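Architecture and fold: a report
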Amino acid sequence: MTVLSSSFSSSPPAPLAPVPTRRQLDWQKLGQYAFVHFGPNTFTGNEWGHGTEAESVFNPKNLDCRQWVRTFKKAGLTGVMITAKHHDGFCLWPSQLSKHTVAQSPWRDGKGDVLKDLSEACRAEGMKFGVYLSPWDRNHPSYGTPEYNKVFEGMLREVLTHYGPVFEVWFDGANGEGPNGKKQVYDWPGFVSVVRQCQPHAVIFSDAGPDIRWVGNEEGHSAPTCWSTIDRERYHPGTPYYTELTEGKEGGTDWVPAECDVSIRPGWFYKTSEDSKIKTTDHLVRLWEQSVGHNANLILNVPASTDGVISQFDVDALDRWHDELKATYGHDLAKGAHATADVERGHGFEASRVTDGRDTTYWAAPDHENHGVLTLELSQPATFDRVELREPIELGQRIAAFRIEVDSGSGWTELAKGTTVGNRRIIPVPATTSAKVRVTILDSRACPAISTFALYKTAKP
Ligand code: FUL
């Protein structure tokens, strides 16, 4: 009777709490998406508008959201987040709750609606649509009073009910003074509950989540050690402890993964003077490796111009970036390679799962193990300088330390050592030619599981 057991699947490892919710899992798969800062600042050259700008400054005569969305899609971005309302309070949609909106501007005779154009373009191109709303409002007369919280909730309802599915709601942590010199005490639980009611599948971003956390810098990278867990209770939007958000906390009480925000230009809003200051392809590739490849998502700001389009300078930069990422990461040298492990959980979780090119399958160690060695044998030697590991994060984040080694004929040589893996970990290693590579899990918070072990060669070292 004992032989029978081998023909059945073994049971999967028990998840290690906290684990991601469905909406967090779906969000994590998006990888990289666009941010578009757009509004009166585009026309005045400000980064932070004062809230006193005349509505007449906003007039993007050739607004073409379809061009934005096509540009982003072609560059491998999966969605677009728009500054529906920045700190200056100007609403890119005709809000009934403000007199500082597109409806008071000369653009399309006050009949335009940027959110409508953009959400329709996203739907047509199969891209996600997200909204940034700054609670800080330097224009609204009720700012600084309890009434403003109701106004802001009403604005949220407007943007979350009129434009179809929203994948993410971005709450800026900045909290300055309003037109009457007063600061606002924000009703965060109220804001969150409106989002949950109107868009239950949307993730909510802020310094402190609840779903997605700021990574603690605006340079677009996380860190080689990056836990998707934090003690959420310790933080609030505008937290003084924001530098802790970069690495997160091993064993933190809540699953709140990091998102890395950065602009392709020095500023967030478009300025012709910055057309020559767009980040280089190398810089953008590095940022992608250090965000998506460091267990986070990347939100890359590409501002729309005064004309209402993405400038050719940015279009070209995005194309070059995408070409280079494709040239490297479009070709996994380990795909289909023979994989073995020193410890096996059993049927359904064999080592071969790490090179089958699928994210849904994984190798796992037996319950009592917190170590494991996975060895790849390629059919012929290959030259690589990037190693990628992935964990099946629906089981929680488990791996805490690992080592990569190569056998070039005379025994194993260490190429790199690391800590966390998470959703996706890309590890730069010296360019190496070999047919045998292995990863040793040195420490794991529960029996380790790996869904992908991949090798790449950068197009440009
Ligand atoms: C910050 C804002 O103050 C910047 O203007 C920008 O919108 C950035 C994404 O977030 O907190």
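Shown above is the structure to which this text applies.
Quick caveat, the model's predicted, so the values are computed rather than measured.

Cut-offs used in this document
Residues numbered from 1 in each chain as written. Predicted model: local features only at pLDDT ≥ 70, side-chain atom pairs only at ≥ 80, totals over all residues. Heavy atoms only, no water. Phe/Tyr/Trp six-rings, centres within 6.5 Å; stacked < 30°, edge-to-face > 60°. Helix = DSSP H or I, 4+ residues; strand = E, 2+ residues; numbered from the N terminus. Buried < 20%, exposed > 50% of the residue type's maximum accessible area, 1.4 Å probe, protein only. Pairing = 2+ DSSP bridges. Axes fitted to C-alpha atoms, helices over the stretch in contact; angles between N-to-C directions. Contact = heavy atoms within 4.5 Å. 1 Å grid on protein atoms, 1.4 Å probe; cavity = no way out; pocket = protein on both sides within 12 Å on 5 of 7 lines; lining within 4 Å. Points joined across faces, edges and corners; volume = space filled by probe spheres on them. Nonpolar A, V, L, I, M, F, W, Y, C, P; charged D, E, K, R; others polar. Domains from an automatic or database assignment. Core = buried A, V, L, I, M, F, W, Y, C linked by side-chain atoms within 4.5 Å. Near = heavy atom within 4 Å. Polar contact = N/O pair within 3.5 Å; in protein donor to acceptor, adjacent residues only side chain to side chain.

**So, the packing of aromatic side chains**
Within the structure shown, the criterion is met by 26 aromatic pairs. Centre to centre, the rings of Phe 35 and Trp 268 are 6.0 Å apart; their planes meet at 65°, and the pair counts as edge-to-face. With a gap of 233 residues between them, Phe 35 in strand 1 (residues 32-36) and Trp 268 in the loop between strand 9 (258-263) and helix 7 (281-291) connect regions that are remote in the sequence. A relative accessible area of 16% means that Trp 268 is categorised as buried. Between the aromatic rings of Phe 58 and Trp 107, the centroid separation amounts to 5.8 Å while the plane-to-plane angle is 90°, which identifies the pairing as edge-to-face.

**With respect to the pairing of strand 11 (residues 338-341)**
Residues Ala 339 and Ala 341 of strand 11 are buried on one face, while the alternating residues His 338 and Thr 340, pointing to the opposite face, are not. The pairing of strand 11 with strand 13 (residues 372-390) spans four bridges and is antiparallel. Bridge pairing in strand 13 links Thr 340 to Thr 375.

**A look at the sheet that holds strand 9**
Strand order in the closed barrel formed by eight strands is 1-2-3-4-5-6-9-10, with parallel pairing between adjacent strands. The sheet shows a mean angle of 25° between the axes of neighbouring strands, direction not considered. Relative to strand 2 (residues 79-85), strand 1 runs parallel, the two being bridged by three bridges. Counterpart to Val 36 in the pairing with strand 2 is Ile 82. Packed onto the sheet, helix 7 meets strand 1, strand 9 and strand 10 (296-301) and runs at close to 150° relative to strand 10.

**Observations regarding empty space enclosed by the protein**
Across all of its chains, the model carries two cavities of 30 Å³ or more by this definition. Counted as a void, the largest cavity has a volume near 60 Å³. Considering the residues around the largest cavity, the lining is formed by Leu 16, Ala 17, Pro 18, Trp 227, Thr 229, Gly 251, Gly 252, Trp 255, Gly 396, Gln 397 and Arg 445. For the lining of the largest cavity, the class distribution of residues is five nonpolar, five polar and one charged. Considering only enclosed or pocket space, the second largest cavity measures out at about 40 Å³ in volume. Lining the second largest cavity, in full, are Phe 38, Gly 39, Pro 40, Thr 83, Lys 85, His 86, Asp 88, Phe 90, Leu 92 and Phe 269. Split into classes, the residues belonging to the lining of the second largest cavity amount to five nonpolar, three polar and two charged.

**Observations regarding the layout of surface pockets**
By volume, the largest pocket amounts to about 640 Å³. Lys 29, Asp 359, Arg 390, Asn 423 and Arg 424 are the residues nearest the centre of the largest pocket, which is lined by 28 residues in total. Within the residue set of the lining of the largest pocket, elements represented by two or more residues are helix 1 (22-28), strand 10 and helix 8 (312-329). Looking at side-chain class alone, the lining of the largest pocket contains 11 nonpolar, 10 polar and seven charged residues. Built from parts of two domains, the lining of the largest pocket gets at least three residues from each of domain 1 (5-17 + 332-456) and domain 2 (31-329).

**Considering the nonpolar core**
Formed by 78 residues in total, the largest nonpolar core has its most connected members in Phe 38, Trp 68, Phe 72, Ile 82, Val 114, Leu 156 and Trp 321. With seven residues, the single largest contributor to this core is helix 5 (residues 146-161). When residues of this core are assigned to domains, at least three map to each of domain 1 (5-17 + 332-456) and domain 2 (31-329). Discounting residues that sit within four places of it in the chain, Trp 68 has contacts with Val 36, Phe 38, Leu 63, Ile 82, Val 114, Leu 118, Ala 304, Gly 308, Val 309 and Ile 310. Core analysis: the next-biggest nonpolar cluster, separate from the first, contains 32 residues, Leu 376, Val 387, Val 421 and Val 437 among them.

**Side note on the site of the ligand**
The environment of the ligand is made up of Phe 35, His 37, Trp 48, His 86, His 87, Tyr 132, Trp 170, Asp 172, Glu 218, Asp 261 and Trp 268. Separating an oxygen atom of the ligand from a side-chain N or O atom of His 37 is a distance of 2.7 Å. A distance of 2.8 Å separates an oxygen atom of the ligand from a polar side-chain atom of Asp 172. Of the residues that constitute the shell around the ligand, the class distribution is five nonpolar, three polar and three charged.

**Points about the environment of Gly 49**
Structurally, the position occupied by Gly 49 is in the loop between helix 2 (40-44) and helix 3 (65-74). In this structure, Gly 49 is in contact with Asn 41, Asp 88 and Arg 138, ignoring residues within four places of it in sequence.

**Let's talk about unusual backbone geometry**
The omega torsion of the bond from Ala 17 to Pro 18 falls at -5°, within 30 degrees of zero and hence cis. In this structure, Pro 18 sits in the segment before helix 1. The phi dihedral of Arg 108 is positive, around 50°, even though this residue is not glycine. The residue Arg 108 is located in the loop between strand 2 and helix 4 (114-125) in this model. For Arg 108, a relative accessible area of 39% puts it in the partly exposed group. You will see that Asp 109, though not glycine, has its phi angle at about 55°, which is positive. If you trace the backbone, Asp 109 turns up in the loop between strand 2 and helix 4. Asp 109 sits in the exposed class, given a relative accessible area of 67%.

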